[in-house]
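# Commentary on secondary and tertiary structure
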Amino acid sequence: MNETIVCVVGNVATPPVYRELPSGPSARFRLAATARYWDREKGLWTDGHTNFFTVWANRQLAVNVAASVEVGQPLLIQGRLKVRTEVRDGQQQWASADIDAMAIGHDLSRGTAVFHRAARPEPAATAARPEPNWETPPPAAAPDGTAAPPAEQEPAAVT
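Numbers given for residues are sequential positions, taken from 1 along each chain in its written order. Owing to the predicted nature of the model, reporting of local features is limited to residues with pLDDT of at least 70; listing and counting of side-chain atom pairs is limited to 80 or more, with chain, interface and lining totals taken over all residues. Processing note: side-chain calculations cover all non-hydrogen atoms of the structure and skip hydrogens and water entirely.

Nonpolar side chains tend toward joint burial in soluble globular proteins. Note on terminology: a nonpolar core comprises buried Ala, Val, Leu, Ile, Met, Phe, Trp, Tyr and Cys residues joined through side-chain atoms within 4.5 Å. Only protein chains enter the area calculation, which uses a 1.4 Å probe; residues under 20% of their type maximum are buried, those over 50% are exposed, and those in between are partly exposed. In terms of nonpolar packing, the biggest core is built from 18 residues, with V8, F29, L31, L75 and I77 touching the most fellow members. Strands here are runs of E lasting at least two residues and helices are runs of H or I lasting at least four, both read from the DSSP assignment and numbered beginning at the N terminus. Listed by contribution, the elements that provide at least two residues to this core are β1 (5-12), β3 (24-39), β4 (44-58), α1 (60-68), β5 (74-88) and β6 (92-106). Ranked by residue count, the leading element in this core is β3, at four residues. Apart from residues lying up to four places away in sequence, I77 is in contact with V6, C7, V8, F29, L31, V55, I99, A101, A103 and I104. Every residue pair with non-hydrogen atoms within 4.5 Å of one another is taken to be in contact.

Following this line, the structure appears as structure tokens:
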């Protein structure tokens, strides 16, 4: 697999947009990841460049994102990085960094969270299938029409 898997720590920048599509649920939001560094001259932490990513979640992950993620929350995102470039208006070069999320979680180094397992719908009841007959079939008749010899029986136990 020639995929670029990344783990990004950042803050939710836009509210999640949830959609029900023919292929299943989908959600997307923007994540801002700002590098921080120690400025020795000032003696304090300083914000560096901010990268913005569009995070895409699908299926059950999308449903859970819609129920759990809000603007400003610190998250950890693990997923496949996809960088797209386009030319807009015939001249302007535009680039987008998207993450197809495989896992999303709250950054517990900056707060607390309470986990609730998502309820899954019960599978539809199917008609019970009859149990197969696993017994050995009786011997078939010989090709000449005579009955096949009876199977050997175990000798009776001597008492």
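You can see V12 is positioned in strand β1. Relative accessible area serves as the criterion here: at 3%, V12 is assigned to the buried category. In this structure the C-alpha to C-alpha distance between V12 and V69, which are 57 residues apart in sequence, comes to 7.8 Å. Once residues within four sequence positions are removed from consideration, V12 is found in contact with F29, R30, L31, V69, E70, V71, G72, Q73 and L75.

Using only the protein atoms, space was sampled on a 1 Å grid; points where a 1.4 Å probe fits but cannot get out form cavities, open sets with protein on both sides within 12 Å along at least five of seven lines form pockets, and lining residues are those with an atom within 4 Å of a point. Grid points are joined across faces, edges and corners, and a volume is the space filled by probe spheres set on the points. Of the volumes computed, that of the largest pocket is approximately 700 Å³. Around the largest pocket sit 21 residues that line it, and N64, S68, I104, F115 and H116 are the ones nearest its centre. Elements represented by at least two residues in the lining of the largest pocket include exactly α1 and β6. Ranked by residue count, the leading element in the lining of the largest pocket is α1, at six residues. Under this grouping Gly is polar, as are all residues other than the nonpolar Ala, Val, Leu, Ile, Met, Phe, Trp, Tyr, Cys and Pro and the charged Asp, Glu, Lys and Arg. Of the residues contributing to the lining of the largest pocket, the split by class is eleven nonpolar, eight polar and two charged.

Relative to the helices and strands, D98 resides in strand β6. Its relative accessible area of 8% is what places D98 among the buried residues. Residues adjacent in sequence count toward polar contacts only when both atoms are side-chain atoms; beyond that, a polar contact is any pair of N or O atoms within 3.5 Å, and within protein one must be able to donate a hydrogen and the other to accept it. Side chain to side chain, D98 and R84 meet in a polar contact 3.3 Å long. Side-chain polar atoms of D98 contact the side chain of S96, separated by 2.8 Å. Residues contacting D98, with those up to four places away along its chain left out, are T54, W56, R80, L81, K82 and R84.

What follows deals with the pairing of β5. Note on pairing: DSSP must find at least two bridges between two strands before they are called paired. In this structure, β1 lies alongside β5, joined through seven bridges in antiparallel fashion. Pairing of N11 across the sheet is with P74, part of β5. Of the pairings in the sheet, the one linking β5 to β6 comprises 14 bridges and is antiparallel in character. Opposite L81, over in β6, you have I99 as the bridge partner. Counted between consecutive antiparallel strands, the loop separating β5 from β6 contains three residues, among which D89 sits at a positive phi close to 55 degrees.

All right, on to a nonpolar patch on the surface then. The patches described consist of residues with a relative accessible area above 30% and no salt bridge, like charges being joined within 9 Å and nonpolar side chains (Val, Leu, Ile, Met, Phe, Trp, Tyr) within 5 Å. Only the protein chains shown count as cover for residues, with accessible areas throughout obtained via the Shrake-Rupley method and a probe of 1.4 Å. By convention in these notes, a salt bridge is any Lys or Arg side-chain nitrogen within 4 Å of a carboxyl oxygen on Asp or Glu. Residues W38, L44 and W45 make up a contiguous nonpolar surface patch of roughly 350 Å² in combined accessible area. Tracing the sequence through the fold places W45 in strand β4.

Attention now goes to the pairing of β1. In this structure, β1 lies alongside β3, joined through two bridges in antiparallel fashion. The residue bridging V12 from the neighbouring strand is L31, located in β3.

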